[in-house]
Amino acid sequence: ALHWMKSDPAKVVRNVRGLLKKGGRFVAEFGGHANIQCIVDALKEALAARGHSDFDSRHPWFFPTAEEYTALLEANGFEVRSCVLIDRPTPLPTDVAGWLTTFGDSFFEGISGDEREAMQQDAQERAKGRLYRPVSDDVFGRWEGELTGDEKGNVWLADYVRCRVHAVAITT
């Protein structure tokens with residue numbers, strides 16, 4: 001949930017620190033820099049194509065680099081043991097439009113249902129060349145029973161990038 005706390009990430013880190021004793025561990029994983037970048041880019045293009053130029057104000061997520069998050073933690077009483085970005089392509093149970101229905105509400109505030117659906121489909125078409133592709137057997141094995149592909153084995157893969165953190169509270 002940390003990547004949903006965009007308005008004041010430093011306050012979030014200070015509150016986490018306030019809950020820990022000296023030596024307490026903070027271990028987390030959340031969306032990191034370039035998380036779902038293909039989806040974000042496609043959605044930005046779809047919104048702009050319909051005259052919505054306020055993308056940044058609609059964007060709800062905080063996706064820091066490892067260096068940014070390390071600095072944030074260190075400035076707020078943590079010693080960072082590790083902070084890394086990990087690519088984790090993840091099959092979607094539906095498609096990009098379905099993913100946007102679940103997670104993209106803020107992008108469509110004030111936009112009618114028909115226009116919203118058209119934008120979701122537009123974003124999906126814009127992302128298709130990058131995110132709709134065949135996956136290897138090992139990916140199918142990990143997600144067995146959850147994937148629905150076409151006859152060529154193509155599935156929708158979200159381009160997730162995770163920020164994995166391990167830090168220790170060093171101040172009281």
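Our structure is the block above this text.
Predicted model, so just to flag it, every value in this text is computed and none were measured.

Trainee: Whenever I open this one, helix 6 (residues 113-131) confuses me. Can you help?
Mentor: Side chains that are three or four residues apart share a direction in an α-helix, a result of its 3.6 residues per turn. The principal kink in helix 6, of about 30 degrees, is found at E125. Restricting attention to buried positions, one finds in helix 6 the residues R116, M119, Q120, D122, A123, Q124, A127 and L131. In the core, the buried residues of helix 6 are packed alongside helix 2 (37-49), helix 5 (96-103), strand 3 (132-134) and strand 4 (154-169).

Trainee: For this particular structure, what's the right way to read the packing of helix 1 (residues 9-19) against helix 4 (residues 66-74)?
Mentor: Two quantities define a packed helix pair, namely the angle between the axes and the distance from one axis to the other. Between helix 1 and helix 4, the least distance of the axes is 9 Å, while the angle of their chain directions is 50 degrees. Put simply, helix 1 runs oblique to helix 4. Between helix 1 and helix 4 the crossing geometry is right-handed. Residues P9, A10 and V13 of helix 1 form the contact with helix 4, whose own contacting residues are Y69, L72 and L73. Residues that form the contact of helix 1 with helix 4 fall into these classes: six nonpolar, no polar and no charged.

Trainee: Just to check I follow, could you spell out the packing of aromatic side chains for this structure?
Mentor: All chains considered together, the criterion is met by ten aromatic pairs. On the numbers, 5.8 Å between centres and 45 degrees between planes, the contact of F26 with F78 is tilted. Placement of F26 in strand 1 (residues 25-31) and of F78 in strand 2 (residues 78-91) is noted, with a sequence separation of 52 residues between them. Since its relative accessible area comes to 9%, F26 is described here as buried. Both rings, one in F55 and one in F107, keep their centres 5.3 Å apart while their planes meet at 25 degrees; by these two values the pair is stacked. In this pair, F55 is assigned in helix 3 (residues 55-58) and F107 in the loop between helix 5 and helix 6, connecting sequence segments 52 residues apart. Across the pair, exposure class does not vary: F55 and F107 are buried alike. Feature note: the residues W4, F55, W61, F63, W99, F103 and F107 constitute an aromatic cluster, connected by ring pairs.

Trainee: Looking at this structure, how should I read the state of the cysteines?
Mentor: Disulfides are covalent bonds that connect the sulfur atoms of two cysteines. Enumeration over the complete set of coordinates arrives at zero disulfides. Of all cysteine sulfurs, the one in C163 lies closest to C83, which takes part in no disulfide; the gap is 3.7 Å. By relative accessible area, which is 12% here, C83 ends up buried.

Trainee: I would appreciate a short explanation of a nonpolar patch on the surface in the present structure.
Mentor: Taken together, the side chains of W4, M5 and F103 define a hydrophobic patch exposed on the protein surface, amounting to about 280 Å² of accessible area. Tracing the backbone through its elements, the reader meets W4 in the segment before helix 1.

Trainee: Would you take a moment to explain the nonpolar core for this structure?
Mentor: Generally speaking, soluble globular proteins have nonpolar side chains that are buried together. Counting residues in each nonpolar core, the largest one holds 25 residues, and the members touching the most others are I36, I39, L43, V96, W99 and L100. For this core, the secondary-structure elements that each account for two or more residues are helix 2, helix 5, helix 6 and strand 4. The element that contributes the greatest number of residues to this core is helix 2, accounting for seven residues. Here V96 is in contact with I39, Q124, A127, L131 and W156, once residues within four sequence places are set aside.

Trainee: Even after reading the chapter, I still don't get the environment of M119, so can you show me in this structure?
Mentor: By the element assignment, M119 lies in helix 6. Residue classification places M119 among the buried positions, given a relative accessible area of 0%. Sequence separation between M119 and F108 is eleven residues; the distance between their C-alpha atoms is 8.8 Å. Setting aside anything within four residues of it in sequence, one finds M119 in contact with A46, L47, R50, H52, F108 and I111.

Conventions used here
Residues numbered from 1 in each chain as written. Predicted model: local features only at pLDDT ≥ 70, side-chain atom pairs only at ≥ 80, totals over all residues. Heavy atoms only, no water. Bend = angle between axes of the 7 residues up to and from the residue. Helix = DSSP H or I, 4+ residues; strand = E, 2+ residues; numbered from the N terminus. Buried < 20%, exposed > 50% of the residue type's maximum accessible area, 1.4 Å probe, protein only. Contact = heavy atoms within 4.5 Å. Axes fitted to C-alpha atoms, helices over the stretch in contact; angles between N-to-C directions. Parallel < 35°, antiparallel > 145°, perpendicular 65-115°, else oblique. Left-handed = near helix turned anticlockwise from the far one by under 90°. Nonpolar A, V, L, I, M, F, W, Y, C, P; charged D, E, K, R; others polar. Phe/Tyr/Trp six-rings, centres within 6.5 Å; stacked < 30°, edge-to-face > 60°. Disulfide = S-S within 2.5 Å. Patch = residues over 30% accessible without salt bridge, like charges linked within 9 Å, V, L, I, M, F, W, Y side chains within 5 Å. Areas by Shrake-Rupley, 256 points an atom, 1.4 Å probe, with all protein chains shown as cover. Salt bridge = Lys/Arg side-chain N within 4 Å of Asp/Glu carboxyl O. Core = buried A, V, L, I, M, F, W, Y, C linked by side-chain atoms within 4.5 Å.

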